[in-house]
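Below, each chain spelled out in residue letters.
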Amino acid sequence: MSDRIPLVDLAAQYRVVKADVDAAIHRVLDQHQFILGPEVEEFERAFAAFCGSSDCVGVASGTAALRLALEACGVSRGDEVVTVSHTFFATVEAILQLGAIPRFVDIDPVSFTMDMDQLETVVRVDRDEGRHLVKAVVPVHLYGHPADMSAMRTIADRWGLRVIEDAAQAHGAEWNGRRCGGLGDLACFSFFPAKNLGAYGDAGAVTGNDTRLLERVRRLRDHGRSGKYEHQESGWGERLDALQAAVLSAKLGYLEEWTAARRSHAASYQDLLVGLDLGLPKEAPEARHVYHLYVIRTRRRDDLRSYLNDHGVDAGVHYPIPVHAQAACQRFPWADVHLPHTVQAAATVLSLPLFPEMTRDQLVRIQTLTTQFLECRAVDR
Ligand SMILES: *Cc1c(COP(=O)(O)O)cnc(C)c1O
């Protein structure tokens, strides 16, 4: 019996980075500056350079990054923010934390990212009716594939919208040769351990090219401070800590290589699975997909997932319940929306294992099991 194939293998990754990460952690312990400080500043410089953005502000999580970025862009109680329901809950939670109102549009069924025509319609109606409540939009670069940022830019400029990228799954992804993280007014990253760049705890960042907005995020993350005991405004305690920053700096040096490995495994999956009765991921011509997740589609999703799980392969579902259908949202009128592609995606998506350290053997085993399942079930019918 061969070993289980996990969805993500953080143990295998640690074996690769151990010397660098252990040294980084000991450096912080010796310096004993644990909150902000030089390690955080060093990581902020390096990650801004990685994103091709002018600056980066390290924060405590991806969720904090979203809330602080929205607040810095002027989103407050009663404002509307357009986003998608096919995403991790935190995208919407950040909007709610500011007392703002999420307006959901459906996704494009191929890229799983925001349908830009629907965005345009929502904003046009808002302006035509003289409401002017829609202030910002949060496109999510889901699974590592960027939303259509060309259409996004045109619509945002036409209607005067702030654009906050949810790039939590898109470290190093590109649209027309430009990196996510510098494509909107601000961009939000998560370094949750299983993300493409992961800390050893919670961590996140806001990047962008607008110095004034980034300065506001920098102040908001640290109690609205302008001096040690001077507070310009009421902010939050959402700072990045030095241990996480040091771990992230150590790992950042590997990220390009890891992304190349993810893309190569995705290409292998494509070769191995093409021709089967499955929907496979597609990369738009403008996009560089970083495959945070390798997501296929099938009407027999639940059965295929059980079959793989029973045969030692940890397949997952991202995400089984759309945000607007979550129990937490049922008391709100904005949750009462018709989003057919979103509902369809939640019922049919399946994430196959994908991590840089995967072997050819593991990929082939997954192909064999998937083929067995599809063929034997085809005979059953
Ligand atoms: C992970 C994730 C977040 C939240 O990040 P945390 O660091 O866990 O707070 C937000 N949006 C998306 C799309 C994510 O995948």
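The paragraphs below set out a description of the structure included in this document. (Residues numbered from 1 in each chain as written. Predicted model: local features only at pLDDT ≥ 70, side-chain atom pairs only at ≥ 80, totals over all residues. Heavy atoms only, no water.)

## Structural notes on the state of the cysteines
Phase 1 of the analysis: This model, assessed by the stated rule, comprises zero disulfides.
Phase 2 of the analysis: Free of any disulfide, Cys 56 has its nearest cysteine sulfur in Cys 51, 6.9 Å distant.
Phase 3 of the analysis: Note on Cys 56: relative accessible area 0%, which makes it buried.
Phase 4 of the analysis: Among the cysteines around Cys 73, which has no disulfide bond, Cys 188 carries the closest sulfur, lying 8.5 Å off.
Phase 5 of the analysis: The exposure class assigned to Cys 73 is buried, which follows from its relative accessible area of 7%. (Disulfide = S-S within 2.5 Å. Buried < 20%, exposed > 50% of the residue type's maximum accessible area, 1.4 Å probe, protein only.)

## Things to note about the side chain of Ser 85
Phase 1 of the analysis: On the secondary structure map, Ser 85 appears in the loop between strand E2 (80-84) and helix H4 (90-97).
Phase 2 of the analysis: With relative accessibility at 0%, the residue Ser 85 sits in the buried group.
Phase 3 of the analysis: For Ser 85, the side chain forms a polar contact with the side chain of His 324, separated by 2.7 Å.
Phase 4 of the analysis: Discounting residues that sit within four places of it in the chain, Ser 85 has contacts with Phe 104, Val 105, Pro 322, Val 323, His 324, Leu 339 and Thr 342. (Helix = DSSP H or I, 4+ residues; strand = E, 2+ residues; numbered from the N terminus. Polar contact = N/O pair within 3.5 Å; in protein donor to acceptor, adjacent residues only side chain to side chain. Contact = heavy atoms within 4.5 Å.)

## What to know about the pairing of strand E13 (residues 294-297)
Phase 1 of the analysis: What you see with E13 is no split at all: Tyr 294 and Ile 296 on one side and Val 295 and Arg 297 on the other are buried throughout.
Phase 2 of the analysis: The pairing of E13 with strand E14 (residues 349-352) spans four bridges and is classified as antiparallel. Residue pairing across strands places Val 295 opposite Ser 351, the latter belonging to E14. (Pairing = 2+ DSSP bridges.)

## Things to note about the layout of surface pockets
Phase 1 of the analysis: The computed volume of the largest pocket comes to approximately 440 Å³.
Phase 2 of the analysis: As for the largest pocket, its lining consists of 25 residues, and the residues nearest its centre are Phe 88, Ser 190, Phe 192, Lys 195 and Tyr 319.
Phase 3 of the analysis: At the level of secondary structure, the elements contributing two or more residues to the lining of the largest pocket comprise helix H3 (62-72) and H4.
Phase 4 of the analysis: For the lining of the largest pocket, a count of residues per class yields 13 nonpolar, nine polar and three charged. (1 Å grid on protein atoms, 1.4 Å probe; cavity = no way out; pocket = protein on both sides within 12 Å on 5 of 7 lines; lining within 4 Å. Points joined across faces, edges and corners; volume = space filled by probe spheres on them. Nonpolar A, V, L, I, M, F, W, Y, C, P; charged D, E, K, R; others polar.)

## Comments concerning the site of the ligand
Phase 1 of the analysis: Around the ligand, the surrounding shell holds 14 residues, and the nearest of these are Gly 62, Thr 63, Gln 169, Ser 190 and Lys 195.
Phase 2 of the analysis: The contact in question runs from an oxygen atom of the ligand to an N or O atom on the backbone of Gly 62, over 2.8 Å.
Phase 3 of the analysis: Contact distances for the ligand include 2.5 Å between an oxygen atom and a side-chain N or O atom of Thr 63.
Phase 4 of the analysis: Protein chains bury 93% of the 380 Å² of accessible surface belonging to the ligand in isolation.
Phase 5 of the analysis: According to the grid-proximity analysis, the pocket containing the ligand is the largest pocket.
Phase 6 of the analysis: The set of elements that each furnish at least two residues to the shell around the ligand consists of H3 and H4.
Phase 7 of the analysis: Class assignment of the residues belonging to the shell around the ligand gives a composition of five nonpolar, seven polar and two charged. (Near = heavy atom within 4 Å. Areas by Shrake-Rupley, 256 points an atom, 1.4 Å probe, with all protein chains shown as cover. Sits in = over half its atoms within 2 Å of the grid points.)

## Brief notes about the side chain of Gln 169
Phase 1 of the analysis: Within the element layout of this structure, Gln 169 appears in the loop between strand E5 (162-166) and strand E6 (174-175).
Phase 2 of the analysis: Given a relative accessible area of 6%, Gln 169 falls into the buried group.
Phase 3 of the analysis: Not counting residues within four places of it along the chain, the set of residues in contact with Gln 169 comprises His 141, Leu 142, Tyr 143, Gly 144, Val 290, His 292, Leu 293 and Tyr 319.

## A few points about H3
Phase 1 of the analysis: The buried count for H3 comes to 10 of 11 residues, which makes it a mostly enclosed element.
Phase 2 of the analysis: Inspection of H3 places Gly 62, Ala 64, Ala 65, Leu 66, Arg 67, Leu 68, Ala 69, Leu 70, Glu 71 and Ala 72 among the buried residues, and these make up the whole buried set.
Phase 3 of the analysis: Near the N-terminus of H3, the side chain that reaches the backbone nitrogen of Thr 63, with its oxygen 3.3 Å away, is that of Ser 61.
Phase 4 of the analysis: Looking one or two places after H3, you find Gly 74, whose phi comes out positive at around 90 degrees.

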